[in-house]
Amino acid sequence: MIDFELTEEQQMIRDSVGAFASEQIRKAAREADETGKIQAELIAQAWQLGLTSGPLPEQYGGGGDTRSAITGALIAEELGYGDISIGFHILAPRLVAFPVAEMGTDEQKARMLKQFSGANFVAAAAAIIEPKFDFDLTAIQTTAKRDGVGWILNGVKCNVPLAAESDTLLVYAASDASKGFAGVDAFLVPRDTAGLKISEREKNMGLKGLATHGVTLENCSVGALARLGGDKGINFSRLMSEARIAIAAFGVGLMRSAFDYARDYAKERKAFGVFIAQKQAIAFILADMAIEIDAARLLVWEAASRLDKGEDALEESYLAKNYVAASALKVTDNAVQCLGGHGYVRDHPVEMWLRNARGLAAIDGIATV
Amino acid sequence: MIDFELEPQVLKRLQMYHMVAENMMRPISREYDEKEHEKPWQFYETMWQAQALADVGAPTKSDEKDSGPKLRNLYTVLSTEELCWGDAGLFLSTPNSGLGGAAVMAAGTPQQKARFLKRFSEGKPKWGAMAITEPHFGSDSAAVKTTAVRDGDNWVINGTKIFCTGGEMAAEKSEGFVVVWATVDATAGRAGIKPFVVDHNTPGMSVIRVEDKMGIRASDTAAIVFDNCKIPLDHILGSAEVKREGGFKDVMATFDATRPIVAAMAIGVGRAALDFVRDFLKEQKVEIRYGISQRRLTALERDFMEMEVQLKAARLLTWRAAWMLDTGKRNNLEASMAKAKAGLVVTQITQKAVELLGPLGYSRQYLLEKWMRDAKINDIFEGTQQINMIIVARRILGYGSKELN
Ligand SMILES: Cc1cc2nc3c(=O)[nH]c(=O)nc-3n(C[C@H](O)[C@H](O)[C@H](O)COP(=O)(O)OP(=O)(O)OC[C@H]3O[C@@H](n4cnc5c(N)ncnc54)[C@H](O)[C@@H]3O)c2cc1C
Ligand SMILES: Cc1cc2nc3c(=O)[nH]c(=O)nc-3n(C[C@H](O)[C@H](O)[C@H](O)COP(=O)(O)OP(=O)(O)OC[C@H]3O[C@@H](n4cnc5c(N)ncnc54)[C@H](O)[C@@H]3O)c2cc1C
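Before going into details, it helps to say that this report is about the structure given with it. Please read these numbers as outputs of a predicted model, since none were measured by experiment.

**A closer look at the side chain of K194(B)**
Logical step 1: Residue placement: K194(B) occurs in strand 5 (residues 193–199).
Logical step 2: Apart from the residues lying within four places of it in its own chain, the contact partners of K194(B) are V180(B), W181(B), A182(B), V184(B), I236(B), S239(B), A240(B) and E241(B).

This is how it looks when you write it as C-alpha cells:
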C-alpha cells in the first residue's frame, strides 16, 4: 500500500548519519576540496557508523541487517548533504562488499567479506567507467577472454575511486560484447596482478576530495575464482541500478545542502531595502529548488523500493539518476545565483556544490546502495 | 514503510475507471470538443446512475464511513487521473457536487453537509459549483467585492462572478447549487469573506454568459450575476461572525484537498499524451533505450524520457500530497508543490508531444492537439503556477503575505 513514511529504524539511521554529515562532514568539505585530502580520522569515525558492515551477513562478521535500497538511499542522501566527495569515499568499500555479498559465490564471500566487517575502514574500489566520450555501460570495451579455467583482462578504466589504496579492484569487463548488459562480468583483481597499472590521481573540476585513478589492464591474468558469481556470473543491470540510485541519492543530498544555504543567505541579505528572499525572482527560484528536491527524492525512493521488491528497476533508476543529474545542476546553479557575486567566490560553499553537481552526470557506478 | 505499490483492490477499481475512460469518454472526446456548448446527456445519465463518480471530483466523502479504500484522497487522485486520461473536459463536466461540494465539506456544519449534499446521491443528475472569481480579480481572492447583506431572515447577495466551472449546470440546468464567496463586511478584508450556498434557480441569480475556451470545452465556464438575490440565513457556511483569525483561512484549506486533484487532472492528460506518443513510436519501430549512455541517445529518446520522468515526478508529488491528507498531516506546502509542478510540466509535456509528432501532432485527426489545449488550464485555475509558487516560497521561507506577495 502506498506509504511515504520511513520506518522507525530508517528514521534513526537517517538521523544519526544526518547528524554526522552536518556536524562533521560539512565542516571538512572545503578543506577536502582545496587540498584533495580527507582526514583519516573522519573516515574512521564514519566507518564506526557501520554503514557498510551493518548490512553484511553475520556469518562473515557483518551486522546481519537487512539490506534495503531505500535505507541505502537515505544514507547516501545524508552523506551527500555533508559532502559528496567525502561521502563517496566513505561508501566506496561497498562497491566491492555489496556485489560480493549479493552475487558472489560462497567462496568469494568467505574470502572477501570479513575484511569489511571489521572495525577499520578498508579501501576497495570498482573499475567500471572508461575514458571515452561515448562510454556506454552496455558496450564496455574492456574485455575478458577465457584462458583455460581463468580469464585474461584487457582495457582502460577511469574514475576508479581509491584505486591506489585498495588491495582488490572489482573490474567490470565484457565477456560477450554482443549481449549488452548480459555480456558484462565482474572480476576480483588483486592490485599486484601483473599487467594491472594504476595511474596518477585524476584531476577534475569537482569532487576533488575523492581520490580517483585511471587503471590499465594489459593481459591481466586472473583465475577462475576471480569471476564474481562463478559460473552464474552477475546481474550487471541490477548492480548498475543500485549504483544509479546511490548516485542519485547523493545528488539529492547535495541539492538539499545548496538549497538550505541559499535560503538562509537570501533571508539575511538585503538589496533595495528588503531581504532578497522577499523578491519573487529569488523566492521563486528557492521554491523551485524545494520542489525539485522533493520530486528527485521521490523518484529515487520509488526506484529503490522496486529494487527492494526484487525488480531490476533499470528504467526507474536510469530516469531517476538522469533527473537528479540535471536538477542538481540546476539547483546548485540557482544557489550560486542567489548569492550573486558572493556565490562565485570560494568563501562560500555554493560554487563547490555547483562543480560537484556537474560530476553527477559524468559518473556512473562509483557508489552503491 | 516507504511503498509505492497500489493494493489489488484499488487497482481493480482503477481498471474500471480506465474502462469508462476508454470506452465511454474517448469515443465522444472529439465530438464534445467540437460542439462546445452541447452536453453528452447519455454519458451523464450513465455516470450519474452508476454513481461511478461519487468519490471523484471533490473529496466530499472523506469523513463518511464506507467500505472504500483507506486512503480516500489518494484514491480520488488516482481515479481522477484515470478519468482525465479519458477526457479532462468531460471529467470536469460530469454531474457531481464539484468544487461547491468541496467548499461545503470544508466550511459547513455537519447538518449543512448532510442537507446540501444529499441531493447528489438521489434523483436526476446534478451539479455543484463554486464562484469566487470576479471580473476585477482572480488570484487575489481576498479582493471579493460581491456583498452579502443581512435582511431579516435572509442574506441579500449582489455582485458578478465569472469563470465558474459548471456554473450553468449548477445554477440553471439542474437542481444543484452554487457556493458564492461574498463579503459581509467590506472593511474587514479577508475575514469578512464568507461562502454562501445559493440554490439553483434562486430568483436574482442568473447566468449571463458561458465562455468559449481553448480547451476543456465540454465543461461550461459561466458568468453569473447576483442581483438582490435572497437566500435563507442558514445558507452561510460556517459562522457569520467576522473574526480576525480563521474564517477565510479555513475556506482556503479547501484547496489543500482540491489542488492534488487538479494536479491529478493534469497528470491524466499528460499520461494520455505520453501513452499516445509511446504507442506511436512503437508503431514507427522507434525504440526507447533505457540504461545506455545519455550521450548515445537520440534527441527523440531524450525528449521522451524527459516527458516520462517529469510526469512521474509530478505524480509522486501529487500522491504524497493526497496521502498526507489521508494520514492527517498538514499538506498545504505539498499540495501547492504538486499543483505547481504538475500544471507546469504537463503543459510542457503535451506541447512537446505535439511537437514530436510534427504535422500529425498538430492535426485534429488525433486527440493529441486537444490534450495540449486541455492541459493548459491546469496551470491556471485553482491557483496559478505563480500563486502556488508563492505559497511554496512563503512556507519554505517562513514568510507571511506581508513579507512576500
Ligand atoms: C569575479 C568578480 C568580479 C567582479 N568585478 C567587479 C568590478 O570590477 N567592479 C565592481 O564594482 N564590482 C565587481 N564585482 C561585483 C559584482 O558586480 C556584484 O557581485 C554583482 O553586481 C552582484 O552583487 P552582489 O554580489 O552584491 O549580489 P546581491 O546584489 O546581493 O544579489 C544577490 C541575489 O539577489 C538578486 N537580487 C538583488 N536585487 C534584486 C531585486 N531587486 N530583484 C530581484 N533580484 C534581486 C541578484 O540577482 C542575486 O541573484 C565582481 C564580482 C565578482 C564575483
Ligand atoms: C476554465 C476556467 C475555469 C475556472 N473555474 C473557476 C471556478 O469554478 N470558480 C472560480 O471561482 N474561479 C474559476 N476560474 C478562475 C480561475 O481560478 C482564475 O482564472 C485564476 O485564479 C487566475 O485568476 P485571473 O484569471 O484573474 O488571473 P490574474 O490573477 O489576473 O493573474 C494574471 C497573471 O498574473 C499572475 N499573478 C497574479 N498575482 C500574482 C502575484 N502575486 N505574483 C506573481 N504573479 C501573479 C498570475 O499567475 C497570472 O499569470 C476558472 C478559470 C477558468 C479559465
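There's plenty left to go through after this.
**Brief notes about the environment of E301(B)**
Residue and element names in this part refer to chain B.
Logical step 1: Locating E301 in the fold gives a position in helix 9 (residues 299–326).
Logical step 2: With a relative accessible area of 1%, E301 lands in the buried category.
Logical step 3: Taking the C-alpha atoms as reference points, E301 and I288, 13 residues apart in sequence, are found 5.5 Å from one another.
Logical step 4: Apart from residues lying up to four places away in sequence, E301 is in contact with E287, I288, R289 and R296.
Logical step 5: Polar contacts involving the side chain of E301 include one to the side chain of R289, which spans 2.8 Å.

**Observations regarding the environment of A44(A)**
Logical step 1: One can find A44(A) in helix 2 (residues 40–47).
Logical step 2: Sequence-wise, A44(A) and T143(A) are 99 residues apart; in three dimensions their C-alpha atoms are separated by 36 Å.

**Comments concerning the interface of chain B and chain A**
Logical step 1: Across the boundary between the two partners, chain B contributes 46 residues, which contact 50 residues of chain A.
Logical step 2: Here chain B meets chain A over a buried area of about 4700 Å², counting both sides, of which 65% is carbon and sulfur.
Logical step 3: Looking only at chain B, the three residues that lose the most surface to chain A are I2(B), F4(B) and Y290(B), adding up to 15% of its buried area.
Logical step 4: Applying the counting criterion to the chain B and chain A interface returns 7 salt bridges.
Logical step 5: Joining chain B to chain A, the criterion identifies 22 residue pairs in polar contact (both at pLDDT 80 or more).
Logical step 6: The set of elements that each furnish at least two residues to the side of chain B that touches chain A consists of helix 9, helix 10 (332–356) and helix 13 (385–397) of chain B.
Logical step 7: Along the lines of polarity and charge, the residues of the side of chain B that touches chain A split into 26 nonpolar, 7 polar and 13 charged.

**Let's talk about the site of ligand 1**
All names here are of chain A.
Logical step 1: Around ligand 1, a shell composed of R269, A271, F272, I276, K279, A281, I282, Q337, C338, G340, G341 and H342 is seen.
Logical step 2: Here an oxygen atom of ligand 1 and a backbone polar atom of Q337 are 2.5 Å apart.
Logical step 3: Against a free-state accessible area of 970 Å², the protein chains account for coverage of 44% of ligand 1.
Logical step 4: Breaking the shell around ligand 1 down by element, the ones donating at least two residues are helix 8 (280–308), helix 9 (314–338) and helix 10 (341–344).
Logical step 5: Considering only residue class, the shell around ligand 1 consists of 6 nonpolar, 4 polar and 2 charged.

Thresholds applied
- Residues numbered from 1 in each chain as written.
- Chains lettered and ligands numbered in written order.
- Predicted model: local features only at pLDDT ≥ 70, side-chain atom pairs only at ≥ 80, totals over all residues.
- Heavy atoms only, no water.
- Helix = DSSP H or I, 4+ residues; strand = E, 2+ residues; numbered from the N terminus.
- Contact = heavy atoms within 4.5 Å.
- Buried < 20%, exposed > 50% of the residue type's maximum accessible area, 1.4 Å probe, protein only.
- Polar contact = N/O pair within 3.5 Å; in protein donor to acceptor, adjacent residues only side chain to side chain.
- Buried area = accessible area lost by both parts, 1.4 Å probe.
- Salt bridge = Lys/Arg side-chain N within 4 Å of Asp/Glu carboxyl O.
- Nonpolar A, V, L, I, M, F, W, Y, C, P; charged D, E, K, R; others polar.
- Near = heavy atom within 4 Å.
- Areas by Shrake-Rupley, 256 points an atom, 1.4 Å probe, with all protein chains shown as cover.

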